[in-house]
Amino acid sequence: MKLGRKTTFTIRPKPPFHFGGTFHKPSHFPNTLKLNEWEPGKYWQMLRMGKQLFGLKIENRDTTSKPQLKITVYGSKPLTTEARKEIRKEIIWRFALNKDLREFTRLAQKDKRFYPVFKKWLGMRSQSPNTLYELLNIAIMLQNATVRRSQQMLDALLGAFGTRATFDSHELWAIWLPQEIANVPEQTLRDLKIGYRAKFVKRLSQDFANGTIDEMKLRTFDKDSAKRELIKLYGVGPETARILLFEAYHHDDVFDHIAPWQQKIYSRLFYGKSMVPVEKIRNDIIKRYGKYSMLAVHYIWEDIFWRRKHEKIEWLEKEIRL
DNA sequence: CATCAGGGCCCTG
DNA sequence: CAGGGCCCTGAT
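Residues numbered from 1 in each chain as written. Chains lettered and ligands numbered in written order. Predicted model: local features only at pLDDT ≥ 70, side-chain atom pairs only at ≥ 80, totals over all residues. Heavy atoms only, no water.

**Student:** Mind showing me how you'd approach the protein's contact with DNA strand C here?
**Tutor:** The local shell around DNA strand C consists of Asn144, Arg149, Gln152, Arg190, Lys193, Gly195, Tyr196 and Arg197. Across the atoms of DNA strand C situated within 4 Å of the protein, the share located in sugar and phosphate is 69%. The separation between a base nitrogen of DNA strand C and a polar side-chain atom of Asn144 is 3.4 Å. Among the residues forming the surface near DNA strand C, the class breakdown is 1 nonpolar, 3 polar and 4 charged. (Near = heavy atom within 4 Å. Polar contact = N/O pair within 3.5 Å; in protein donor to acceptor, adjacent residues only side chain to side chain. Nonpolar A, V, L, I, M, F, W, Y, C, P; charged D, E, K, R; others polar.)

**Student:** Would you mind showing me how to read the packing of helix α5 (residues 132-142) against helix α6 (residues 147-161) here?
**Tutor:** Close contact between α5 and α6 brings their axes to 8 Å; oriented N to C, the two are set at 140°. Between α5 and α6, the interaxial angle falls into the category oblique. In this structure, the crossing between α5 and α6 has a hand that is right-handed. Note on element contacts: α6 touches α5 through Ser150, Met153, Leu154 and Leu157, opposite Ile138, Met141 and Leu142. (Axes fitted to C-alpha atoms, helices over the stretch in contact; angles between N-to-C directions. Helix = DSSP H or I, 4+ residues; strand = E, 2+ residues; numbered from the N terminus. Parallel < 35°, antiparallel > 145°, perpendicular 65-115°, else oblique. Left-handed = near helix turned anticlockwise from the far one by under 90°. Contact = heavy atoms within 4.5 Å.)

**Student:** In this structure, what is going on with the nonpolar core? I would like to understand it.
**Tutor:** A general tendency of soluble globular proteins is for nonpolar side chains to be buried together. Judged by nonpolar contacts, the single largest core of 73 residues is most densely connected at Phe118, Leu230 and Tyr266. When residues of this core are assigned to their parent elements, the largest contribution, 9 residues, is made by helix α15 (residues 293-310). Dropping the residues within four chain positions of it, Tyr266 is found in contact with Phe255, Ile258, Tyr271, Ile281, Met294, Val297 and Trp301. Judged by nonpolar contacts, the second largest core, of 20 residues, contains Phe9, Phe19, Ile71 and Ile92. (Core = buried A, V, L, I, M, F, W, Y, C linked by side-chain atoms within 4.5 Å. Buried < 20%, exposed > 50% of the residue type's maximum accessible area, 1.4 Å probe, protein only.)

**Student:** It is not clear to me how the layout of surface pockets should be interpreted in this structure. Could you clarify?
**Tutor:** In this approach the atoms are scanned with a rolling probe the size of a water molecule, which exposes any empty space left behind. The calculated volume of the second largest pocket comes to roughly 430 Å³. For the lining of the second largest pocket, the elements supplying multiple residues, two or more each, are β3 (42-49), α2 (81-94), α5, α7 (178-181), α9 (197-209) and α10 (215-218). By residue class, the composition of the lining of the second largest pocket is 9 nonpolar, 4 polar and 7 charged. (1 Å grid on protein atoms, 1.4 Å probe; cavity = no way out; pocket = protein on both sides within 12 Å on 5 of 7 lines; lining within 4 Å. Points joined across faces, edges and corners; volume = space filled by probe spheres on them.)

**Student:** When you look at helix α12 (residues 238-248) in this model, what are you seeing that I'm missing?
**Tutor:** Since there are 3.6 residues in each turn of an α-helix, residues three or four apart along the chain are aligned in direction. Among the 11 residues of α12, 10 are classified as buried, and the element is accordingly described as predominantly covered. Among all positions of α12, only Glu239, Thr240, Ala241, Arg242, Ile243, Leu244, Leu245, Phe246, Glu247 and Ala248 are buried. Buried residues along α12 sit in contact with α2, α5, α11 (223-231), α13 (260-271) and α15. Among the residues trailing α12, His250 stands out with phi positive, at a value near 60°.

**Student:** Which parts of the structure should I look at to understand the protein's contact with DNA strand B?
**Tutor:** Around DNA strand B, the surrounding shell holds 21 residues, and the nearest of these are Phe29, Val147, Gly237, Thr240 and Trp261. With respect to DNA strand B, the backbone of Glu239 contributes an N or O atom lying 3.2 Å from a phosphate oxygen. At a separation of 2.7 Å, a phosphate oxygen of DNA strand B approaches a polar side-chain atom of Thr240. At the level of secondary structure, the elements contributing two or more residues to the surface near DNA strand B comprise α6 and α12.

**Student:** Whenever I open this one, the sheet that holds strand β2 (residues 36-39) confuses me. Can you help?
**Tutor:** Neighbouring strands of a sheet are bound in pairs by backbone hydrogen bonds; such pairs are parallel or else antiparallel. Taken together, 5 strands build an open sheet; the order of strands is β1-β5-β4-β3-β2 and the sheet is antiparallel. The open sheet has two free edges, formed respectively by β1 (5-11) and β2, since each of these has just one partner strand. Between one strand and the next, the sheet's axes are offset by a mean angle of 25°, whatever the strand orientation. Examined bridge by bridge, β3 and strand β4 (residues 52-60) share 8 bridges and lie antiparallel to one another. Bridging across to β4, Tyr43 finds its partner in Ile58. Of the strands in this sheet, β1, β3, β4 and β5 (69-75) are in contact with α2, which crosses β1 at around 55°. (Pairing = 2+ DSSP bridges.)

**Student:** Explain the pattern of salt bridges here, please?
**Tutor:** Pairing between side chains of opposite charge can happen when the charged atoms of each approach one another. In the structure shown here, the tally under the stated rule is 22 salt bridges. In this structure, Arg203 and Asp207 form a salt bridge, with 3.8 Å as the shortest nitrogen-oxygen distance. Separated by 4 residues within a single helix, Arg203 and Asp207 lie in helix α9, roughly one turn from each other. Given a relative accessible area of 38%, Arg203 falls into the partly exposed group. Through salt bridges with shared partners, a single network forms among Glu90, Arg94, Glu215 and Arg219. (Salt bridge = Lys/Arg side-chain N within 4 Å of Asp/Glu carboxyl O.)

**Student:** Sorry, what's going on with the domain arrangement of chain A here?
**Tutor:** Frequently, the measure chosen for interface size is the accessible area that the parts lose on association. Under the domain assignment, chain A is made up of domain 1 (5-100) and domain 2 (132-248). When each unit is reduced to the centre of its C-alpha atoms, the spacing between domain 1 and domain 2 is 21 Å. The partner domain 2 presents 26 residues to the 23 residues of domain 1 that form the contact. When domain 1 packs against domain 2, close to 2,200 Å² is buried across both sides, 60% of that on carbon and sulfur atoms. Counting every contact that joins domain 1 to domain 2 gives 3 salt bridges. Between Asp168 and Lys57 there is a salt bridge whose closest N-O contact spans 3.1 Å. Across the contact surface, domain 1 and domain 2 share 12 residue pairs in polar contact (both at pLDDT 80 or more). Of all the secondary structure elements, the ones that give two or more residues to the side of domain 1 that touches domain 2 are β2, β3, β4 and α2. A breakdown of the residues in the side of domain 1 that touches domain 2 according to their chemical character gives 10 nonpolar, 7 polar and 6 charged. (Domains from an automatic or database assignment. Buried area = accessible area lost by both parts, 1.4 Å probe.)

Structure (structure tokens):
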């Protein structure tokens, strides 16, 4: 796929803003066929807008107090003004660039114990670089599998149905459209060794192709209404809904569901113990961080995974189970 | 070699 | 509302 035509424009995120924390999530494990790439101050991904596909490069143009991003869109033909506006709006939504983090920042500053951690990441946001359908497919591959197996399954699906493109000297992959695999036999999907998830992927693709769910409409819903709708999706339960609500819909207080492997890591991070009851973890976090419960935990979570890149954290390695 | 749980969810009783 | 089953893999 050729993406030779460039269009550039500027986005100014609402301060405080943290480029690395927003565009690079160390807790997300990269697969072989890359969906995005990051290096300090720069970020690349493929961007789906409806049926159209673009290359996207985002660069940090931070002038100390005034956050500024240089956006470059790579397309097969020049962008119309209208298309440029749509893409700009979409980027702002997906990375929550207009979110006002001042209140959360004040809360973080009052936190004696974790302020040193928060301070490193102030201005970080939750993000989903992808459409709801795309993120859903990734989340399904995470279910009931170790990290390595999730990577294998996603790579297999991308290799079979994904789109590869090179722009700005980066080779990246985009997830297929729902209509492209809605009619693929379930057995074809099973042959990619995704197991019983094949049924979920097929059913979800059919439902999305038929327009059963409106990704954009859910953006206007409050947390509980959005959750009610997401849970209706075949293959979406409490944990997947939590991921979608936080990453794709930017609800900062989705801390109701705690998976067993997360429980182990939270126990270590917050109590220095190997196992603390989930009820206690949930109550303590919600009491302390209120409507920013998930966002606060996200800062501490990403920080430990960031540290993992540079130093050996013995107990964490054991819990991650590659 | 066999057994088992894993970054859940659906379905049944 | 509890519990069984699910695909496949790597760990034990």
